[in-house]
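# Residue-level structure breakdown
Below are the chains, spelled out letter by letter.
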Amino acid sequence: MNSTWFSAVVFALATLIVSPAWADDSASPLAVDRSSTGGAQNLEDILARQAQLKVDESFRSENLGDPSNAAAATEHLGTNGGRSDADIYRSIRYNEINPTLQVRNPAGGVLIQDGGMPWYKLREGPVMTYGGGALLAMFGLLVIFYFVRGRIMIDGGPSDKTIERFKSFERFGHWLLAGSFIALGITGLLTLMGRTLLIPVMGSDAFAILAAGSKWIHNNISWAFMLALLFTFVLWIGHNIPNKLDWQWIKAGGGIFTKSHPSAKKFNAGQKIIFWGVMILGFSVSLSGLSLLFPFEILMFADTFTAINNMLGTDFPTVLAPHEEMQYANLWHSIVAFAMMVMIMAHIYIGSVGMEGAYDAMGNGQVDLEWARQHHDLWVAEVEAKQNNGGQQ
């Protein structure tokens, strides 16, 4: 699926950072001396697998019995086709069996899948720790910035005039996206961290009700988020195409760290970064969310890992069981969601307590004229020119 290449690239980089053991997949398999067991696995094999080390499993995965050695049906083991019970178990273990199923679904034919514990450890360990730490770090930085920089005020104070910044349907799209994202963020954190943080406080029974409700809310509000994402993309894409003016704004730091006011149109470079960040990450988190909403139906990672390997020469797994696809989708969903929450925290800050007059833009749509001239002077000039010509905004 070409639309997920970007997602898979970022996921691969994130995986290498948060899970060093996964980054060593290209290392040579561990050499194990099996002479004492006649070639069968021994304690060293078992300990290596428990430590998530790469072990050459061919001594077992290729030892699946030989049907050509089948005895007559009247002889011992004849009905097994020349394969012992251990041979058949190894076939199941390495997914080399073709079972006949009554239940027809992509995951029904996978009898054993051993990726559960690595997924669980990564989810409960680095993803939760680094993700939660990033949220706390961003909150702390914003508090420090507020006390060091203070609130960005309107130079000379507010005027007695206002100008329409956003129309009602624009504010509707913004608040639908913002409200659904906040609900998804809270319920997502409850789902990810609740077992660890809340069960010791409120008990398993109470948390079970909270978790079930959070899951229901999360699954259903996701549709509002995806609808709002598409709506705002169509609404504002024309105002968020990067141009040379944005580089000047970035070089000036947007006036956030100084009292300068670099020129900007309706959306400045900082707002464009937020826009594209929300659109790209929102699209990506929506893809993984749909994969989780419809298990085993939207398989994203095998094909994209193949593309990454071809482009970068990496060695990511390309043959994935349906369960592994879901595990990767779950991890990716969490990582992207944390990245979005960190970014949106900064957006909420500057649009509320961080800047005088900023909230009015999405509050009632009318902003102070002096505020608009200081932060979006070129846009104000365009609006006034249209008004002077008898046109509409």
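Residues numbered from 1 in each chain as written. Predicted model: local features only at pLDDT ≥ 70, side-chain atom pairs only at ≥ 80, totals over all residues. Heavy atoms only, no water.

### Considering the packing of aromatic side chains
Basically, it comes down to this: Aromatic pairs are defined between Phe, Tyr and Trp rings, using the six-membered ring for Trp, whenever the two ring centres lie within 6.5 Å; interplanar angles under 30 degrees are classed as stacked, those over 60 as edge-to-face, and all others as tilted. We count a stretch as a helix when DSSP gives it H or I for four or more residues in a row; a strand needs E for two or more, and each element gets its number in order from the N terminus. Each residue's exposure class comes from its accessible area (1.4 Å probe, protein chains only) as a fraction of the maximum for that residue type: buried when under 20%, exposed when over 50%, partly exposed otherwise. Ring-over charges, as used throughout, are those where CZ of Arg or NZ of Lys falls within 6 Å of the ring centre and within 35 degrees of the ring normal.
Throughout the structure, instances matching the rule amount to 16 aromatic pairs. Measuring from ring centre to ring centre gives 6.1 Å for F145 and Y349, while their planes differ by 80 degrees; the resulting arrangement is edge-to-face. Highlighted residues: F145 in helix α6 (residues 116-149) and Y349 in helix α13 (residues 322-350), separated in sequence by 204 residues. Exposure class is identical for F145 and Y349. Each is buried. A ring pair is formed by W223 and F294, whose centres lie 6.4 Å apart and whose planes are at 65 degrees; its orientation type is edge-to-face. On the criterion of sequence distance, the pair formed by W223 in helix α9 (residues 204-236) and F294 in the loop between α11 (269-293) and α12 (301-312) is long-range, its members being 71 residues apart. Judged by relative accessible area, which is 43%, W223 ranks as partly exposed. Of the aromatic side chains, those joined through ring pairs into one cluster are F301, F305, F316 and Y328. Its guanidinium or amino end placed over the ring of F267, R165 lies 6.0 Å from that ring's centre, counting from NZ or CZ.

### Description of the packing of α9 against α11
Quick note on the threshold: Only the contacting stretch of a helix is used when fitting its axis, a line to C-alpha atoms as for every element, and angles between N-to-C directions run 0 to 180 degrees. Should the near helix be turned anticlockwise from the far one by less than a right angle, the crossing is left-handed, and should it be turned clockwise, the crossing is right-handed. For this analysis, residues touch if any pair of their heavy atoms sits within 4.5 Å. Under the convention adopted here, Pro, Cys and the residues Ala, Val, Leu, Ile, Met, Phe, Trp and Tyr are nonpolar, Asp, Glu, Lys and Arg are charged, and Gly plus all remaining residues are polar.
Between α9 and α11, the shortest axis-to-axis distance is 10 Å and the interhelical angle comes to 145 degrees. Viewed along their axes, α9 and α11 form a crossing whose handedness is left-handed. Residues N219, S222, W223, F225, M226, L229, T232, F233 and W236 of α9 form the contact with α11, whose own contacting residues are F275, W276, V278, M279, G282, F283, V285, S286, L290 and L293. Of the residues belonging to the contact of α9 with α11, the class tally is 14 nonpolar, 5 polar and no charged.

### Let's talk about the nonpolar core
Filter applied, for reference: Only buried residues count toward a nonpolar core, which is a set of Ala, Val, Leu, Ile, Met, Phe, Trp, Tyr and Cys residues joined through side-chain atoms within 4.5 Å.
If you look at the biggest cluster of nonpolar residues, it comprises 60 residues, and the most contacted ones within it are I163, F225, V278, F301 and M340. By residue number, the principal contributor to this core is α13, which donates 12 residues. Discounting chain neighbours no more than four positions away, the residues touching V278 are L177, L229, F283, M340, M343 and I344.

### Considering α9
Note the cut-off: One less than the number of residues in a helix, times 1.5 Å, gives the span that helix is expected to have.
Between its first and last C-alpha atoms α9 spans 45 Å; for 33 residues at 1.5 Å apiece the expected length is 48 Å, and the two agree. Residues of α9 that are buried: F207, S214, H218, S222, F225, M226, A228, L229, T232 and W236. Of the surrounding secondary structure, the elements contacted by the buried residues of α9 are α7 (168-197), α8 (199-202), α11, α13 and α14 (360-363).

### Section: the packing of α6 against α7
Stated precisely, the cut-off is as follows: Orientation labels follow simple angle bins: below 35 degrees gives roughly parallel, above 145 gives roughly antiparallel, 65 to 115 gives roughly perpendicular, and whatever is left gives oblique.
Running from N to C, α6 and α7 cross one another at 110 degrees; their axes reach a closest spacing of 11 Å. By the angle between their directions, the pair α6 and α7 is classed as roughly perpendicular. Relative to α7, the crossing made by α6 is left-handed. On α7, the residues touching R123, E124, M128, G132 and L135 of α6 are L189, T191, L192, M193 and T196. Across the contact of α6 with α7, the residue classes tally to 5 nonpolar, 3 polar and 2 charged.

### Observations regarding the pattern of salt bridges
Stated precisely, the cut-off is as follows: Salt bridge, as used here: a side-chain nitrogen of Lys or Arg that lies within 4 Å of a carboxyl oxygen of Asp or Glu.
If you walk through the whole model with that rule in mind, you get 5 salt bridges. Across the pair K167 and E164 runs a salt bridge whose closest N-O atoms are separated by 3.1 Å. In this structure E164 comes out as partly exposed when scored by relative accessible area, which is 28%. Ionic pairing is found between E170 and K266, a salt bridge with its closest N-O pair at 3.4 Å. In this pair, E170 is assigned in helix α7 and K266 in the loop between α10 (244-251) and α11, connecting sequence segments 96 residues apart.

### Some points on the confidence of the model for the protein
A low pLDDT score tells you not to read the predicted coordinates there in detail. Operational definition: Every residue is assigned a pLDDT by the predictor, reflecting its confidence on a scale from 0 to 100.
For the protein, per-residue confidence averages 86 on the pLDDT scale, and residues scoring 70 or more make up 87% of the total. Taken element by element, the predicted model of the protein shows its lowest mean pLDDT in helix α2 (residues 20-23) (41) and its highest in α9 (97). Every residue in residues 1-10 is under pLDDT 50, and counting partners more than four places away or in other chains gives 19 contacts.

### Things to note about the side chain of S180
Applicable threshold: Contacts described as polar in this section are N or O atom pairs within 3.5 Å, which, within protein, must combine one atom able to donate a hydrogen with one able to accept it, while residues neighboring in sequence count only if both atoms come from side chains.
Structurally, S180 can be placed in helix α7. A polar atom in the side chain of S180 sits 2.7 Å from the backbone oxygen of L176. Leaving out residues up to four positions away in the same chain, S180 has contacts with W175, I221, A224 and F225.

### Remarks on α11
Here α11 is 25 residues long and its end C-alpha atoms lie 35 Å apart, about the 36 Å a rise of 1.5 Å per residue gives. For α11, the N-terminal cap is N268; the gap from its side-chain oxygen to the backbone nitrogen of G270 is 3.1 Å.

### Topic: unusual backbone geometry
Backbone geometry places F296, a non-glycine residue, at a positive phi of 70 degrees. Residue classification places F296 among the partly exposed positions, given a relative accessible area of 23%.

### As for the environment of N309
For N309, the position within the fold is in helix α12. Note on N309: relative accessible area 14%, which makes it buried. Beyond its immediate stretch of four places on either side in the chain, N309 contacts T314, D315, F316 and T318. Only 3.5 Å separates the side chain of N309 from the backbone nitrogen of D315, close enough to count as a polar contact.

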